[in-house]
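Examining the three-dimensional arrangement
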Amino acid sequence: MIEGVAIVAIAFLLLLLLPAILPEFRLKLLGRFLSLAIVALGIDLIWGFTGLLSLGHGIFFALGGYAFAMHLKMQLPEGEIPDFFTLYGVSELPWFWQPFGSFPFTLIAIFLIPAIVAGLLGYLVFRNRIKGVYFSILTQAALIVFFNFFNGQQKLINGTNGLKTDTEELFGMVVSSSPAQMTFYSLTVFFLVAMYLLCRWLTSGRFGRLLIAIRDDESRVRFSGYNPTGFKVFVFAVSGAIAGIAGALYTVQSGIITPSAMEVPFSIEMVIWVAVGGRATLVGAIFGAVLVNFARTLLSEQFPEVWLFFQGALFLIVVTVLPNGIIGWLRSWGWEKMQHWFGFKSYVVTYPSLETDPQVQQEKEQFEE
């Protein structure tokens, strides 16, 4: 009940209050950061709850972004092709571009293509019982392969230049126009809430307990009669689909998608957002993504020459002082500490009435004397 009220309140804040307060530029930034928070949810689902540290989620993020960008590029009169093809002497539209002229197909492709790629990659890895650091290395290797492939395909997807979306039209609106950007911002908030509820549902009940069991002791799960491979493939595919949705929303709000979305540092940053906010909290993933990206933006504006040192200091503090992240710290003992600072009494988890029972207090005082 409390969680539902909090979700409604935050959605109200994001959809009604902040658009009236923030300048248009800051609101666009917030929309991008919220789309990145969706990726962080997918990372937390597989890392925080299932113990799968992926360093290659930029693949699925970029695939979702390219799918939507290709549809926008296809909004042309009959017989015409996107203008960048003429730069490379291409006169006929490649076959794999043609389905993206359909909006319903594109909507499905945004999450289905990343989910299929993640599922296939996960199946090849998990069926051989590869886990831990080896899984992380393989996902990063796959990321490098995809980056090099997309970066070198000038004649197919404009290579390193990527696909621009800000000047394209969708349903009669220029993508970069204020009404269109407000629509994308609202959709980002909606999908953020929807993906949070999906992850909360997946991590609750028997399925959620099984994911945690896989994270904590996969061998014991096998001895209990379960085959973790199918569950890991499924949750990895879901995480890839979530990243694809985030990539599509980020692309239309940033105005371009390039292979740089598949660079190694960006995928590592996704993991850092979750670590800063707190693993296995979901809320922490959202909080960490928004906090780190807003801090990076503000610090780079105020201190353009040294802002990287601030970012590095933040990560070092989290690793050394707050290993469970900010939300994890608050849940463990930080909240009680804050109550103590403001003069509120903290309650004991078991038998809280004993703390306020006058007779118990009197006996305690006598014992201390």
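The rules behind the values
Residue indices follow the written sequence of each chain, beginning from 1 at its first position. Side-chain atom pairs in this predicted model are given and counted only at pLDDT of 80 or more, local residue features only at pLDDT of at least 70, and totals for whole chains, interfaces and linings cover all residues. Water and hydrogen atoms play no part in the side-chain values, which are based on all heavy atoms of the structure. What counts as a salt bridge is simple: a side-chain nitrogen of Lys or Arg found within 4 Å of a carboxyl oxygen of Asp or Glu. Secondary structure counts use DSSP, requiring at least four H or I residues in a row for a helix and at least two E residues in a row for a strand, with both numbered from the N terminus. Accessible area is worked out with a 1.4 Å probe on protein chains only. A residue is then buried under 20% of its type maximum, exposed over 50%, and partly exposed in between. Patch definition: residues above 30% relative accessible area lacking any salt bridge, with like charges linked at up to 9 Å and the nonpolar side chains Val, Leu, Ile, Met, Phe, Trp and Tyr linked at up to 5 Å. The protein chains shown are the only cover counted for residues, whose accessible areas, like all others here, come from Shrake-Rupley with a 1.4 Å probe. Note on definitions: a residue-residue contact is assigned when non-hydrogen atoms from the two residues lie within 4.5 Å. By definition here, a helix of n residues has an expected span of 1.5 Å times n minus one.

1. Focus: the pattern of salt bridges
Tallying each qualifying case throughout the model produces 8 salt bridges. Note that Arg 222 is salt-bridged to Glu 218, the shortest N-O span being 3.3 Å. Of this pair, Arg 222 and Glu 218 are both found in helix α10 (residues 218-223), 4 residues apart, which corresponds to roughly one turn of the helix. The partly exposed category is assigned to Arg 222, whose relative accessible area is 21%. Counted as one network, the salt bridges with shared partners bring together Glu 218, Arg 222 and Lys 232.

2. Digging into a nonpolar patch on the surface
Taken together, the side chains of Ile 108, Phe 111, Leu 112, Ile 116 and Leu 120 make up a nonpolar region of the molecular surface, amounting to roughly 450 Å² of accessible area. Looking at the element boundaries, Ile 108 is found in helix α5 (residues 103-126).

3. Points about the environment of Glu 169
Relative to the assigned elements, Glu 169 resides in strand β2 (residues 169-170). Each C-alpha atom of the pair Glu 169 and Gly 51 lies 41 Å from the other, and the pair is 118 residues apart in sequence. Excluding residues within four positions of it along the chain, Glu 169 makes contact with Leu 72, Gln 75 and Val 174.

4. Overview of helix α12 (residues 264-277)
Over its 14 residues, α12 runs 21 Å from end to end, which matches the ideal 20 Å to within 8%, given 1.5 Å per residue. Of the residues making up α12, those classed as buried are Phe 266, Ser 267, Glu 269, Met 270, Val 271, Trp 273, Val 274, Val 276 and Gly 277. Gly 278, located one to two residues past α12, shows a positive phi value of around 130°.

5. Overview of unusual backbone geometry
Even without a glycine there, the phi angle at Phe 171 is positive, about 55°. Looking at where Phe 171 falls in the secondary structure, it is placed in the loop between β2 and β3 (173-174). In this model, Ala 280 sits at a positive phi of 55°, which is unusual for a non-glycine residue. If you trace the backbone, Ala 280 turns up in the loop between α12 and α13 (283-302). Ala 280 gets classed as partly exposed once you look at its relative accessible area, which sits at 26%.

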